[in-house]
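Examination of the molecular architecture
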Amino acid sequence: IRNKRIGVAKRILNDLAKERKPLGKKFYTSASAQILNTLESAESNAKQKNIDTQKLFVKIAKADKGYKFIRPKTSAKFRGRRGKITNIEIVLEER
């Protein structure tokens, strides 16, 4: 979605989340839904700063590794499950 207009990027992520068009041979539904949520948040932040949303492009879109943690134990298991955090960064630019 880098270097694409915000409307085109939202359409690509929406198609992936609703399993209409695959990326390669996979859909990545949960990841694309989270990225779409972050993109909509960035767009609303731009509206709040009085930036024209028709001229917005995605300048940077990246996902970095976050920290790992252990989820609490359940009553059936004696060990907790490991969880991972991913940091999503989206930077919009007006052109």
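Right above here is the structure, for reference.
In this text, all values refer to a predicted model and were calculated from it rather than measured experimentally.

1. Topic: the packing of aromatic side chains
The description of two aromatic rings rests on the distance between their centres and on the angle between their planes. Within this structure, the stated rule accounts for 1 aromatic pair. The positively charged end of Arg95 is found above the aromatic ring belonging to Phe57, 4.5 Å away from the centroid.

2. Examining the packing of helix 1 (residues 6-17) against helix 2 (residues 29-48)
The geometry of a pair of packed helices is captured by two quantities: the angle between their axes and the separation between those axes. Helix 2 packs onto helix 1 with a crossing angle of 155 degrees between their chain directions and a minimal axis gap of 8 Å. One element, helix 1, and the other, helix 2, form an angle in the roughly antiparallel class. The chirality of how helix 1 crosses helix 2 is left-handed. Of the residues in helix 2, those in contact with Ile6, Ala9, Lys10, Leu13, Asn14, Leu16 and Ala17 of helix 1 are Thr29, Ser32, Ala33, Ile35, Leu36, Leu39, Glu40 and Glu43. A breakdown of the residues in the contact of helix 1 with helix 2 according to their chemical character gives 9 nonpolar, 3 polar and 3 charged.

3. Notes on the side chain of Ser32
Secondary-structure assignment places Ser32 in helix 2. Here Thr29 takes part through its backbone oxygen, which lies 3.1 Å from a polar atom of the side chain of Ser32. With near-sequence residues (within four places) excluded, Ser32 lies in contact with Leu13, Leu16, Ala17 and Phe27.

4. Here we look at the nonpolar core
Among the nonpolar cores identified, the biggest contains 9 residues, and these are Ile6, Ala9, Leu13, Leu36, Leu39, Ala46, Leu56, Val58 and Ile90. Those elements giving two or more residues to this core turn out to be helix 1, helix 2 and strand 1 (56-70). Discounting residues that sit within four places of it in the chain, Val58 has contacts with Ile1, Arg2, Asn3, Lys4, Ala9, Leu39, Ile90, Val91 and Leu92.

Reading guide: rules and limits
Residues numbered from 1 in each chain as written. Predicted model: local features only at pLDDT ≥ 70, side-chain atom pairs only at ≥ 80, totals over all residues. Heavy atoms only, no water. Phe/Tyr/Trp six-rings, centres within 6.5 Å; stacked < 30°, edge-to-face > 60°. Lys NZ or Arg CZ within 6 Å of the ring centre and 35° of its normal. Axes fitted to C-alpha atoms, helices over the stretch in contact; angles between N-to-C directions. Helix = DSSP H or I, 4+ residues; strand = E, 2+ residues; numbered from the N terminus. Parallel < 35°, antiparallel > 145°, perpendicular 65-115°, else oblique. Left-handed = near helix turned anticlockwise from the far one by under 90°. Contact = heavy atoms within 4.5 Å. Nonpolar A, V, L, I, M, F, W, Y, C, P; charged D, E, K, R; others polar. Polar contact = N/O pair within 3.5 Å; in protein donor to acceptor, adjacent residues only side chain to side chain. Core = buried A, V, L, I, M, F, W, Y, C linked by side-chain atoms within 4.5 Å. Buried < 20%, exposed > 50% of the residue type's maximum accessible area, 1.4 Å probe, protein only.

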